[in-house]
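# Topology and contacts: notes
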Amino acid sequence: PEAGNHTLLTAFVLSGLSSHPEMQHLLFFTFCFVYTMTVIGNLLICMVTVHPTLHMPMYFFLRVLSFLDISTASVVVPKMLASFLSEDRSISYMGCVTQLYCVIFLATSEWYLLAAMAYDRYMAICNPLRYSVIMNTRVCLSLVLLSCCSGNVVSVVQTAWVFTLPFCGPRKINYFFCDVPPLILLSCTDTSLYEKQIITATVLVIFTPFCLILVSYACIISSILKISSAESRYKTFSTCSSHLTVVTLYCASGTLIYLRPKSGNSQDIKKVLALIYTTIIPTLNPLIYSLRNKEVREVLIRAMAVLMKK
């Protein structure tokens, strides 16, 4: 069907990670393993952190983070796995809309949640005497709801903007999921204004939380340097460095992808960067944030010991 000079698209085609047929099975088993580890690792964190000894704001935020990580991987990876084993790599128009909305919603929510986690660590280290009063259940729930509401607003606006663009010509998306940069490359109209809107959204979504995180950790590091015990300083700084490592990975990958949304000659690089925040970081988060934590390890070991006895 035609509408003016523009073809009404009912589906898109995802190019996937690689066009080499001999690589498809290897990629399938690799990312099937990665996805399995993501789900198992984050489910373990969700189950372990409900233990009575871990009823602290930090572990509540970790549960939410694990849920978001599972959701992000589940929105992207299963479709990618199916494309490795099938020649049909099409995704319906509404499927693409839904996937884009979910990816933006989850990524934005996670960014603001990371800022909330940094604030939690700031209160725990810099204001330990008032920590339990300030970071009560109501405040923690409010921070999570604020993160999700921010994610929803950004996602609705960005998704609506993308799919009001006219798409004509090829319907092949040079990517492994529906995302903003590869979609606007398919538009047959001037997208310069939209690209500026993407840059503005990137600044609000990435740099605003990133600056809040940096300020929190500047205060934390200042407090750490005042600790007399070298062992206590190392333990506290180790927790901070893990969080900052993940934040830096998110910031670097997101910035390089979205600050130049229509740079078509770097799509292969953008695929690698997108893999980092949709598959690699969700797999690493349980190790970085929780399984290195002594309290979490102890609860996990006790739970495994009980299961083995049964």
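Residues numbered from 1 in each chain as written. Predicted model: local features only at pLDDT ≥ 70, side-chain atom pairs only at ≥ 80, totals over all residues. Heavy atoms only, no water.

## Thoughts on the overall build of the chain
The helix and strand inventory of the chain stands at 10 helices and five strands. Burial status across the chain gives 46% buried among its 310 residues. The long-range share in the chain, meaning contacts at least 24 apart out of those at least 6 apart in sequence, stands at 78%. Accessible surface, the chain: about 15600 Å² in total, of which carbon and sulfur atoms supply 69%. (Helix = DSSP H or I, 4+ residues; strand = E, 2+ residues; numbered from the N terminus. Buried < 20%, exposed > 50% of the residue type's maximum accessible area, 1.4 Å probe, protein only. Contact = heavy atoms within 4.5 Å. Areas by Shrake-Rupley, 256 points an atom, 1.4 Å probe, with all protein chains shown as cover.)

## What about the state of the cysteines?
Counting across every chain of the model gives one disulfide. The disulfide that involves Cys 96 links it to Cys 178, with 2.0 Å between the sulfurs. Here the S-S torsion is close to -120°, and the disulfide linking Cys 96 with Cys 178 is therefore left-handed. Separated by 82 residues along the polypeptide, Cys 96 in helix α3 (residues 93-126) and Cys 178 in the loop between β5 (172-173) and α6 (180-184) bring together distant segments of the chain. Taking the relative accessible area as the measure of exposure, Cys 96 reaches 0% and is therefore buried. Just so you know, Cys 149 is unpaired, no disulfide at all, and the nearest cysteine sulfur is the one on Cys 148, 7.1 Å from it. (Disulfide = S-S within 2.5 Å.)

## Focus on the side chain of Asn 285
Along the polypeptide, Asn 285 turns up in helix α9 (residues 267-291). Only 2.7 Å separates the side chain of Asn 285 from the side chain of Asp 69, close enough to count as a polar contact. (Polar contact = N/O pair within 3.5 Å; in protein donor to acceptor, adjacent residues only side chain to side chain.)

## Let's talk about the sheet that holds strand β4 (residues 90-92)
The sheet built from three strands is open, its strands ordered β4-β3-β5 with mixed pairing. Each edge of the open sheet carries a strand with a single partner, namely β4 and β5. As judged from the two bridges shared by strand β3 (residues 11-14) and β5, these two strands associate in the parallel manner. Residue pairing across strands places Leu 14 opposite Ile 173, the latter belonging to β5. (Pairing = 2+ DSSP bridges.)

## Thoughts on a nonpolar patch on the surface
The grouping of Phe 33, Met 37 and Ile 40 at the surface amounts to a nonpolar patch, some 290 Å² of accessible area in total. Looking at the secondary structure, you find Phe 33 in helix α1 (residues 24-48). (Patch = residues over 30% accessible without salt bridge, like charges linked within 9 Å, V, L, I, M, F, W, Y side chains within 5 Å. Salt bridge = Lys/Arg side-chain N within 4 Å of Asp/Glu carboxyl O.)

## Details of the UniProt feature "transmembrane region" (unreviewed entry) in the chain
Under the present numbering, the feature "transmembrane region" (unreviewed entry) in UniProt falls on residues 26-48, 60-78, 98-119, 139-163, 198-225, 237-260 and 272-291. Structurally, residues 198-225 comprises 96% helix and 0% strand, and the distance from its first C-alpha atom to its last is 39 Å. (UniProt positions renumbered as here; feature names shortened; annotations may be inferred.)

## Focus on helix α5 (residues 137-162)
A rise of 1.5 Å per residue sets the reference length of α5, with its 26 residues, at 38 Å; its end C-alpha atoms lie 38 Å apart and thus fit the reference within 8%. Of the residues making up α5, those classed as buried are Cys 140, Val 144, Ser 147, Ser 150, Gly 151, Val 154, Ser 155, Gln 158, Thr 159 and Val 162. Turning to α5, the residues buried within the fold contact α2 (57-85), α3, α6 and α7 (192-224). For α5, the N-terminal capping position is held by Asn 136, with its side-chain oxygen 3.1 Å away from the main-chain nitrogen of Arg 138. (Expected span 1.5 Å × (residues − 1).)

## What to know about the packing of α2 against α5
Taken N-terminus to C-terminus, the directions of α2 and α5 make an angle of 25°; their axes are 10 Å apart at the nearest point. When the axes of α2 and α5 are compared, the pair comes out roughly parallel. Crossing of α2 over α5 shows right-handed handedness. Contacts between α2 and α5 pair Pro 57, Phe 60, Phe 61 and Val 64 from the former with Cys 140, Leu 141, Leu 143 and Val 144 from the latter. Considered class by class, the residues forming the contact of α2 with α5 number eight nonpolar, no polar and no charged. (Axes fitted to C-alpha atoms, helices over the stretch in contact; angles between N-to-C directions. Parallel < 35°, antiparallel > 145°, perpendicular 65-115°, else oblique. Left-handed = near helix turned anticlockwise from the far one by under 90°. Nonpolar A, V, L, I, M, F, W, Y, C, P; charged D, E, K, R; others polar.)

## Some remarks on the packing of α2 against α3
At a minimum axis distance of 10 Å, the contact between α2 and α3 shows a crossing angle of 160°. As judged from the angle between their axes, α2 and α3 are roughly antiparallel. Of the two elements, α2 crosses α3, and the hand of that crossing is left-handed. Among the residues making up the contact of α2 with α3, the classes are represented as 16 nonpolar, four polar and five charged.

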